[in-house]
Amino acid sequence: MTRRVFVRLVCIVVFLIALSRQATFAQYEAPTTYYNSATGAGATLKTQLRTIVTTMTGVNYGDARFSAPYTDADPNISGNILLIYNRASIDGTWNSTTLPWNREHIWPESRLGASASNGTANIASDQFNLRPANVAINSNRGNSPFGNDTATGEYGYRGSQWYPGDADAGDVARAQFYMATRYSQLSLVDTSPSGLQMGDLSALVNFHYRDVPDTFEQRRNHTIYGLAGASGSPAITNPYRQQNRNPYVDHPEFVWSVFVDQQNDSQLYVGGAPSADGSSTHSLNLGSVLVGAAVPAAQNVSLSKNGLDGTYFEVTTSGAATSSISGRYNAFQVLTSGTDTRALTVGLNTNTATAGLRSGAVTINNLDITTDGGAGRGNNDGNDTIDVSLNVLSHANPSFTLANDENSLNLDFGTVTMGSVVPAFEFEIGNLIETAGFTAGLDLDSIVSAGDVSALTTSLTAFSSLDAGSTNSFLASIDTSAEGTFSASYTLNFSDEDLPGAAGLGAMTLTLSGIVEAAAVETGDFDGDGDIDGRDFLAWQRGESFDPFSSSDLELWQGEYNAPPVVASVAVPEPSSVLCLLVLAGLSGSLRRRLSLAL
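Residues numbered from 1 in each chain as written. Predicted model: local features only at pLDDT ≥ 70, side-chain atom pairs only at ≥ 80, totals over all residues. Heavy atoms only, no water.

A. Just the overall build of the chain, in detail. Of the regular secondary structure elements, the chain holds 12 helices and 26 strands. Relative to its full complement of 599 residues, the chain shows a buried share of 44%. (Helix = DSSP H or I, 4+ residues; strand = E, 2+ residues; numbered from the N terminus. Buried < 20%, exposed > 50% of the residue type's maximum accessible area, 1.4 Å probe, protein only.)

B. Highlighting the packing of aromatic side chains. The full count for this structure, using the stated rule, is 22 aromatic pairs. Plain terms: the ring middles of tyrosine 34 and tyrosine 35 are 4.8 Å apart, the flat faces sit at 80° to each other, and that makes the pair edge-to-face. An aromatic cluster of three or more residues is present, and its members are Tyr85, Tyr155, Tyr157 and Trp162. Against the face of tyrosine 61 rests arginine 103, its NZ or CZ located 3.9 Å from the ring centre. We note arginine 328 situated over the ring of tyrosine 329; from NZ or CZ to the ring centre the distance is 5.9 Å. (Phe/Tyr/Trp six-rings, centres within 6.5 Å; stacked < 30°, edge-to-face > 60°. Lys NZ or Arg CZ within 6 Å of the ring centre and 35° of its normal.)

C. Here's a closer look at the sheet that holds strand 12 (residues 311-319). Strand order in this open sheet of 5 strands is 10-17-16-12-14, and the pairing throughout is mixed. A strand with exactly one partner marks an edge of an open sheet, and here the two such strands are strand 10 (280-290) and strand 14 (327-332). Each strand axis lies, on average, 20° off the axis of its neighbour in the sheet, ignoring direction. One ladder, built from 4 bridges, connects strand 12 with strand 14; its direction is antiparallel. (Pairing = 2+ DSSP bridges. Axes fitted to C-alpha atoms, helices over the stretch in contact; angles between N-to-C directions.)

D. Expanded view of the sheet that holds strand 19 (residues 408-417). If you walk across this open sheet you meet the 5 strands as 19-26-25-21-23, and the pairing is mixed. Two strands in the sheet have a free side with no partner beyond their single neighbour: strand 19 and strand 23 (463-466). Geometrically, the sheet is characterised by an average inter-axis angle of 25° between neighbouring strands, direction not taken into account. Taken together, the 9 bridges between strand 21 (residues 442-451) and strand 25 (residues 484-496) define a ladder with antiparallel strand orientation. Among the inter-strand pairings, leucine 444 is bridged to a residue of strand 25, identified as phenylalanine 494.

E. Spotlight on the pattern of salt bridges. As enumerated under the stated definition, the model contains 13 salt bridges in all. For arginine 131, the salt bridge identified is with aspartate 72, shortest N-O distance 3.1 Å. Pair noted here: arginine 131 is in strand 4 (residues 130-134) and aspartate 72 is in the loop between helix 3 (64-71) and strand 1 (80-82), with a separation of 59 residues, a long-range link. Take aspartate 72: its relative accessible area is 1%, and that puts it in the buried class. (Salt bridge = Lys/Arg side-chain N within 4 Å of Asp/Glu carboxyl O.)

F. Representation of helix 6 (residues 201-210) within the structure. Counting buried residues along helix 6, 8 of its 10 residues qualify, which places the element largely inside the surrounding structure. Regarding helix 6, the residues found buried are Leu201, Ala203, Leu204, Val205, Asn206, Phe207, His208 and Tyr209.

G. Inspection of the environment of asparagine 472 at higher detail. Examined against the element boundaries, asparagine 472 turns out to sit in strand 24 (residues 471-478). Residues asparagine 472 and phenylalanine 427, spaced 45 residues apart in sequence, show a C-alpha to C-alpha distance of 8.6 Å. The residues touching asparagine 472, leaving out its near neighbours within four places in the chain, are Phe427, Glu428, Ile429, Phe463 and Leu466. (Contact = heavy atoms within 4.5 Å.)

H. The arrangement of the side chain of asparagine 221 in detail. Here asparagine 221 lies in helix 7 (residues 215-225). Those residues in contact with asparagine 221 that sit more than four places away from it in its chain are Phe128, Arg245, Asn246, Val249 and Asp250.

Shown next, in the form of structure tokens:
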């Protein structure tokens, strides 16, 4: 398997996992109208939520022995349940003789103001506060409060406070938030709790942002509710259903407003610094590939948080965009200093069957609901967008003209005189547009010449990345220093520009030809009979010389008149004598005519 194929498979797996996770969470969502009345903030919101979750069906404490196989089922082993704190998977059947597990009150029974009784449905039997636990671990924890802020790792004591373990820290925190909301007599404090108090509140807030609701907690919340959820998702069969929900599992963004303050200072951003309203934009160009090539691997984009306060955020995608983080169960932790960063692996779920633009967007929404943290903070923080794109290009197409697809060119210099200066032919090589805006650049990789390439030359040189619709100009010349008939050919080999999916594009042929002849020798033999005589003078008079009627041709004839004849003949008299003879001949004819008249 090549590295490119491996990377592509990894990206597909990441995308499918994210898609599956998003679909799983969707089936456990509350009905769309369940929280319609939860519109306030702080104490008002807490009261509104209390009203919503108070509508419930009481399940007695004894039934909690038999509800665990529904609410705490191990998704991987049928019939088993997962215990709190150690997440052990054991048989969920209740055994009254040997007790491998019992019912743990997350908010201790001693701090509820009521006693648990198998036949009683009250605050002590609320299933959001009950979890199956290992008997020994439950006993070890006792009624200790939870903490401390920076604790990590396995369950156990951190000083005088109990740490639930990394897998259950957030679950415990949200159960405590629920109890302090559902029952007005309960409260959470940062100091050592007394009476009906529990804590440590600051640690619970930290746990909430560090350990987000996972699939197990989502399903448990929906199973306790036991009715149909959002988008018509089916009800979960649970004969011990309580018919209410934990709002801090469904809407973890409520926690800061209800239990901390209205001044959350979180600000999320991608790419460079955010704008005044907190929004930001980052462009991720996956580059260009040729039709049929593999889609480039997804790339990491940093999502950062300014501010020290924790926040939940939602990631959604549009178009063909994909993201390794999706949905609304994502969070940045509470910090004591500095900034925090998360990596999103962003790509495209698309194909390269045809040329064109592939694109999509990833949008990040800060879900915090507080508004007093200032501009660009908390609920005032504008959305952040990652625009991702890919150019899929048609193959380049070389041609000697942009007017049509011409793959051969013949340039004939004709017959030229040796030693003369002959103008060069100018010709072009272009890259035809196959798909407007999405055609690959053209590379001329090599030139193979044959024939009389010393006499017929060209300025052709290799080039790369010639844009579609553009041309490169070249010259072809002929050498006139020697006589001869010349012919040469140049085979031009092309390919696409150096991009994934580039291919060889075949060859074009340039053919050059021409004849070089010696210059004609000018002579006074105007009639071409091999000698220079009076008849050539008469030819000059008739305009049959090189330059008709010119004095230069007459001077040429005069200069050669006494030259040795090309063919043996009677000597030709001096030009002046010939003229005299012609005059005398004319006079003699006239005299004869006069004598004849006298007789």
